[in-house]
Amino acid sequence: MVNENLVKNVVKEPYKYGFITDIETEKIEKGLNEDIIKLISQKKEEPKFLLDFRLKAFKKWQKMKEPDWAALGYKKIDYQDIIYYSAPKQKEKISSLDEVDPKLLETFDKLGIPLTEQKKLTNVAVDAVFDSVSIATTFREELAEHGVIFCSISEAVKNHADLIEKYLGTVVPASDNYFAALNSAVFSDGSFVYIPKGVTCPMDLSSYFRINSGDSGQFERTLIIAEESSSVSYLEGCTAPMFDTNTLHAAVVELIALDDASIKYSTVQNWYAGDEEGIGGIFNFVTKRGKCLGKRSKISWSQVETGSAITWKYPSCLLLGEESVGEFYSVALTNNLQQADTGTKMIHIGPKTKSTIVSKGISAGNSKNSYRGLVKIGTKATGSRNYSQCDSMLIGDQASANTFPYIKSQQPNSEIEHEASTCRISEDQLFYLQSRGIEFEEAVSMMVSGFCRDVFNQLPMEFAAEADKLLALKLEGSVG
Amino acid sequence: MEIIEKIKTNKIDENLTEIQKICLHKLQSSPLPNPKSELWRLSNKSKFSNFLDYSVNEKDSKFDIPYPKNSKSTIRLIIGENCETKLIERNYSIQQLSEDELQKYIKEQIYFFKENENWSDLLNLSLSCKNNILGLKINGSKIPPIEIFSHASSNSLNAKTLVIFLEKNCDVELLQVNLGKENSSLSQSTFFCLKENSSVNHGVVSYGENRSNLLNSLNVIQQKNSEYNLGSLHFKFNYARFEISIMQSEGNAKTNIKGMQITKKDEQISTYTKIEFNGPNGFLDQINKSLADDESHAIFEGSIIVPKIAQRTDASQLSRNLLLSKLAQIDTKPQLEIIADDVKCKHGATISQLNEEELFYMRTRGITLTEASKLQLSSYFQEIISFIPISKDKWDLLDKLLNEN
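Not measured: the values here are computed from a predicted model. (Residues numbered from 1 in each chain as written. Chains lettered and ligands numbered in written order. Predicted model: local features only at pLDDT ≥ 70, side-chain atom pairs only at ≥ 80, totals over all residues.)

Enquirer: Got a minute to help me understand the overall build of chain A in this structure?
Expert: On a plain count of helices and strands, chain A comes out with twelve helices and 24 strands. Evaluated residue by residue, chain A yields a buried proportion of 56% over its 480 residues. When contacts within chain A are restricted to residue pairs at least 6 apart in sequence, those whose partners lie at least 24 apart make up 83%. (Helix = DSSP H or I, 4+ residues; strand = E, 2+ residues; numbered from the N terminus. Buried ≥ 20, exposed ≤ 12 C-beta atoms within 10 Å, placed from the backbone. Contact = placed C-beta atoms within 7 Å.)

Have a look at this one:
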């Protein structure tokens with residue numbers, strides 16, 4: 001019998017990104033109404049079409065009900081008690097990084113995301129988002145040489161309004177769901193990426209989201225457009241300070257891949273998860289969806305979810321183009337009283353479309369970890385193929401692991417396979433490793449790492465190392 | 001929806017049994033299942049209302065049993081006809097449950113009913129009159145095979161209820177046949193209670209005719225060390241729902257389920273299973289197969305619930321589906337809900353058509369395409385049919401299925 005306490009110690013690890021940056025911020029008053037939306041739009045000097053988009057979304061949101069089908073137990077959110085816009089105060093226009101408040105740079109430095117010229121991560125362009133605004137984007141000139149546009153969405157609204165108007169809300173319409181509607185109404189910042197025809201993005205793009213303020217929500221919006229025969233790898237990371245209150249994070253991510261384009265979107269989510277009693281933590285309600293519009297286009301989602309008190313997230317692919325490919329690789333680790341309800345939707349519409357789903361869930365403590373997925377093969381998707389694999393690992397007898405895959409097929413000339421398993425850490429393997437002189441904690445960590453290997457292999461280099469480290473940190477406890 | 005109107009408006013008749021009154025009372029507060037709930041969401045609304053369109057018939061017409069009795073020893077019972085059963089032999093006894101026993105047991109069950117999940121049972125129990133409830137207590141050893149028939153007459157809705165107590169250390173083979181006549185609706189609810197160390201091979205064959213409907217609900221409670229094997233087959237129904245709920249009340253029990261549903265034309269047949277482990281060392285092996293052709297729709301939803309108490313549970317669930325036509329649809333949703341950590345649980349699901357490589361191979365050996373498809377189908381069916389007791393050699397279900405294909 002595995003010593004329960006030992007295992008529990010192994011999964012205990014203090015949250016090291018929980019510090020608060022003491023910086024003067026500009027906040028608007030709490031609450032949500034048309035005036036607030038107009039104010040946000042005005043602050044961001046947005047064109048009229050965007051304000052109309054926001055107001056329309058707000059009207060829809062008012063008519064919608066908060067979804068309860070995920071059976072996540074959380075305190076009702078008071079949407080009028082949230083600040084919808086919060087930005088660090090800084091000079092009007094920033095022409096170079098030198099003008100960014102050093103405190104902000106320090107914050108990102110502390111998070112391991114250096115933004116200053118000397119320390120820039122090699123070959124990764126970073127867009128750093130602090131509460132409601134993007135504060136810096138690195139390597140912009142180098143990217144511009146290749147015609148790649150990488151900037152905050154507020155800048156894109158000003159400089160590339162045509163692209164925003166054409167694509168915003170085409171993958172995740174404002175009426176899609178409750179949280180997407182809320183985001184469409186109040187979204188503040190996020191990243192915008194445009195890869196022109198035939199360009200392979202010369203470096204990985206990355207955005208880093210930081211919530212600093214305890215009473216404001218973060219509603220970022222990301223839009224990535226990959227033109228014909230282009231390709232890009234995009235990384236996303238998130239952290240937040242420790243507060244006793246719950247902070248709402250409702251993001252929307254839209255990806256569009258045209259003919260032969262490929263987008264790889266990787267996330268390491270490490271929002272503050274709340275303490276052992278479940279006090280505080282981020283409510284993470286995210287809508288992520290990619291549209292494979294073109295022939296042979298490919299969208300690949302990979303995610304490592306370790307933070308947040310509540311995660312509600314289903315990165316999906318709409319496979320419209322012939323022979324388009326959708327992939328989803330996920331590791332979700334929950335501990336204490338965390339709840340994660342995550343999975344994917346693969347909607348096969350075009351012929352010969354393919355999708356792969358690999359999901360690994362690890363639940364420890366009193367947490368609840370669910371995989372919820374949909375694979376749908378439409379009538380025109382002849383010769384389509386799906387393979388799904390969902391494995392869960394339970395650590396301790398208080399945690400729960402659920403699997404809810406939903407498969408719908410309307411096309412006989414297609415093949416769907418799904419398999420799922422649930423197990424605990426194998427005592428035999430543990431015993432074997434220990435008998436070879438490997439310490440208990442390291443053995444558990446090795447086994448978890450092995451369990452997640454299929455997913456880690458899909459992560460870009462920089463992230464694979466970070467993800468491995470993150471899981472090891474969460475699992476190694478006293479050793480780490 | 002004549003019945004629902006009646007339920008909604010009518011005052012509860014004094015002549016009804018106590019159980020009927022309780023169920024009617026429950027139904028009055030929510031006369032129809034919630035169409036948005038997962039269990040009823042995919043149900044075809046017009047077909048479902050067609051089920052309820054017939055008026056209730058308490059007496060049925062005579063019907064022809066579809067195959068000859070295979071041996072003299074087989075015990076054959078027809079719900080609604082042989083309600084007075086008392087067979088006491090040297091080794092075994094099959095007796096009717098007393099009114100009190102029946103009432104007590106059903107009332108206990110109703111107590112745990114949830115409005116949406118057990119809507120079919122509530123409807124059944126509120127409509128099925130005393131004559132249409134068969135309650136049996138089976139005891140002893142070397143019990144001959146038992147066949148129980150239940151049928152609906154044309155142009156009417158019949159509600160039949162079967163309650164079986166399998167006493168300790170008892171071992172039996174039981175085949176339940178539900179027959180739907182042309183334009184009929186049958187509501188069949190079965191309550192099975194397996195006491196310690198008992199074992200049953202239970203077969204459920206539901207065979208409809210032109211435009212017949214079926215709501216078939218099966219509730220099983222397994223005490224420790226019991227073994228429940230279920231082989232089921234549903235076909236030729238305009239609309240059929242098969243709801244299985246199995247509870248291993250103290251764990252340490254074995255459950256094997258092999259089910260199949262075949263849909264053609266515009267039929268819709270669905271299977272919903274819920275298996276709960278309420279104790280340690282439970283075992284489950286479940287396979288559900290569907291075949292959907294023409295414009296039909298086959299649905300499978302299975303949930304396995306393993307609470308903290310159910311350590312060392314070993315459960316597997318597999319949903320295999322064949323989709324043979326462009327206009328047919330298959331929905332499948334296997335589910336696992338697990339809290340216990342020392343468990344082995346897995347599920348799988350596949351949807352495909354007949355294996356082309358195998359077909360090609362057989363054709364290169366001179367077998368025609370039709371023959372080759374038949375061969376493939378027969379192996380697909382055989383796994384399930386061979387698991388259905390009694391019928392396997394006498395009532396040739398396989399031939400019946402293949403000829404209709």
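That covers the picture; the talk isn't over yet.
Enquirer: Which parts of the structure should I look at to understand the overall build of chain B?
Expert: Check the secondary structure of chain B and you find nine helices and 19 strands. In terms of overall size, chain B behaves like a compact globule, its C-alpha atoms giving a radius of gyration of 21 Å where 405 residues would be expected to give roughly 22 Å. C-alpha extents for chain B along the principal axes are approximately 70 × 50 × 45 Å. The buried share of chain B, taken over its 405 residues, is 48%. Counting only contacts in chain B whose residues sit at least 6 apart along the sequence, the fraction spanning at least 24 positions is 84%. (Rg over C-alpha atoms; globule rule 2.2 N^0.38 Å.)

Enquirer: Looking at this structure, how should I read the interface of chain A and chain B?
Expert: Where interface size is quoted, it is often the accessible area lost as the parts come together. Contact with chain A, which involves 28 residues of that partner, is made by 30 residues of chain B. Taken together, the elements giving at least two residues each to the side of chain A that touches chain B come down to β23 (400–409) and β24 (414–424) of chain A. Residue classes in the side of chain A that touches chain B are distributed as eleven nonpolar, eleven polar and six charged. In the sheet, β23(A) pairs with strand β18 (residues 329–338) of chain B via six bridges, with the strands oriented antiparallel. Residue pairing across strands places A401(A) opposite I338(B), the latter belonging to β18(B). (Nonpolar A, V, L, I, M, F, W, Y, C, P; charged D, E, K, R; others polar. Pairing = 2+ DSSP bridges.)

Enquirer: Looking at this structure, I do not really get the environment of K291(A). What am I missing?
Expert: Residues and elements named next belong to chain A. Residue placement: K291 occurs in strand β13 (residues 281–292). A tally of 25 C-beta atoms within 10 Å means that K291 is categorised as buried. For K291 and K376, which are 85 residues apart along the polypeptide, the C-alpha to C-alpha distance reads 15 Å. K291 has contacts with V171, L255, I256, L318 and L320, leaving out every residue within four places of it along the chain.

Enquirer: Help me out: how do you make sense of the confidence of the model for chain A in this one?
Expert: Any residue range with low pLDDT should be treated as having predicted coordinates unsuitable for detailed reading. In the predicted model, chain A carries a mean pLDDT of 83, and the fraction of residues at 70 or more is 83%. The low-confidence segment residues 476–480 of chain A (pLDDT under 50) makes 15 contacts with residues lying over four places distant or belonging to another chain. (pLDDT = per-residue confidence, 0-100.)

Enquirer: I'm lost on the nonpolar core in this one. Help?
Expert: Burial of nonpolar side chains together is a common tendency in soluble globular proteins. Of all hydrophobic cores here, the largest spans 221 residues; its most connected members are A226(A), A257(A), I263(A) and V306(B). Examining the composition of this core, we find that seven residues originate from one element, strand β6 (residues 157–166) of chain B, more than from any other. When residues no more than four places from it in sequence are discounted, the contact partners of V306(B) are F277(B), T313(B), A315(B), E337(B), I338(B), I339(B), A340(B), V343(B) and C345(B). (Core = buried A, V, L, I, M, F, W, Y, C linked by C-beta atoms within 7 Å.)

Enquirer: Would you take a moment to explain the packing of helix α2 (residues 34–43) of chain A against helix α3 (residues 48–63) of chain A for this structure?
Expert: Each pair of packed helices can be described by the angle between their axes along with the distance between the axes. All names here are of chain A. In the contact formed by α2 and α3, the axes pass within 10 Å of each other and the chain directions differ by 155 degrees. The angle between the axes of α2 and α3 places the two elements in the roughly antiparallel class. Viewed along their axes, α2 and α3 form a crossing whose handedness is right-handed. Along the contact surface, α2 presents E34, I37, K38 and S41, while α3 presents L50, L51, R54, L55 and F58. (Axes fitted to C-alpha atoms, helices over the stretch in contact; angles between N-to-C directions. Parallel < 35°, antiparallel > 145°, perpendicular 65-115°, else oblique. Left-handed = near helix turned anticlockwise from the far one by under 90°.)

Enquirer: Mind showing me how you'd approach unusual backbone geometry here?
Expert: Most of the time, phi is negative for any residue but glycine, and the peptide bond is trans. All names here are of chain B. One non-glycine residue with positive phi stands out, namely N183, at about 45 degrees. With respect to the helices and strands, the residue N183 is situated in the loop between β7 (171–180) and β8 (184–194). Overall, the presence of 19 C-beta atoms within 10 Å leaves N183 in the partly exposed class. If you check the backbone angles, N225 has positive phi at about 60 degrees while not being a glycine.

Enquirer: Looking at this model, I keep getting lost on helix α7 (residues 369–385) of chain B. Mind explaining?
Expert: An α-helix turns once every 3.6 residues. As a result, residues three or four positions apart point the same way. With 17 residues, α7(B) should reach 24 Å at 1.5 Å per residue; the first-to-last C-alpha distance of 24 Å fits that figure. Of the positions making up α7(B), those classed as buried are F381(B), I384(B) and I385(B). (Expected span 1.5 Å × (residues − 1).)

Enquirer: Hey, could you run me through the confidence of the model for chain B in this one?
Expert: Residues of chain B with pLDDT of at least 70 account for 94%, and the chain-wide mean is 87. Interface confidence for the predicted complex, expressed as ipTM, amounts to 0.80; the pTM equals 0.84.

Enquirer: How should the packing of α3(A) against helix α8 (residues 178–186) of chain A be read in this particular structure?
Expert: Residues and elements named next belong to chain A. At a minimum axis distance of 7 Å, the contact between α3 and α8 shows a crossing angle of 145 degrees. Judged by the twist between their axes, the crossing of α3 over α8 is left-handed. Where α3 abuts α8, its residues F53, R54, A57, F58, K60 and W61 lie against Y178, A181, L182, S184 and A185. Grouping the amino acids of the contact of α3 with α8 by side-chain chemistry returns eight nonpolar, one polar and two charged.

Enquirer: Can you walk me through the domain arrangement of chain B in this structure?
Expert: Domains assigned within chain B are domain 1 (2–249) and domain 2 (356–405). For domain 1 of chain B and domain 2 of chain B, the distance between their C-alpha centroids amounts to 30 Å. (Domains from an automatic or database assignment.)

Enquirer: Just checking my understanding: could you explain the pairing of strand β12 (residues 239–248) of chain B for this structure?
Expert: On a regular strand, each side chain points to the face opposite its neighbour's, so the side chains alternate between the two faces of the sheet. Residue and element names in this part refer to chain B. Within β12, eight of the ten residues are buried, which leaves the element mostly enclosed by the surrounding structure. Judged from the ten bridges that link them, strand β10 (residues 212–222) and β12 form a sheet pairing that is parallel. Looking at β12, one finds that N219 is bridged to S245.

Enquirer: Would you mind going over the environment of K65(A) with me for this structure?
Expert: Mapping K65(A) onto the fold places it in the loop between α3 and β2 (86–88). For the pair K65(A) and I195(A), spaced 130 residues apart in the sequence, the C-alpha separation amounts to 37 Å.

Enquirer: How should the environment of L52(B) be read in this particular structure?
Expert: Note that L52(B) resides in helix α3 (residues 45–52). Sequence spacing of L52(B) and L186(B) is 134 residues, and the spatial spacing of their C-alpha atoms is 9.9 Å.

Enquirer: Even after reading the chapter, I still don't get the pairing of strand β16 (residues 316–319) of chain A, so can you show me in this structure?
Expert: Residues and elements named next belong to chain A. Alternating positions in β16 separate into two faces, S316 and L318 on one and C317 and L319 on the other, with burial throughout. As paired elements, β13 and β16 share four bridges and run parallel to each other. Its bridge partner lying in β16, K291 is registered against L318. In this structure, β16 lies alongside strand β19 (residues 345–348), joined through four bridges in parallel fashion.

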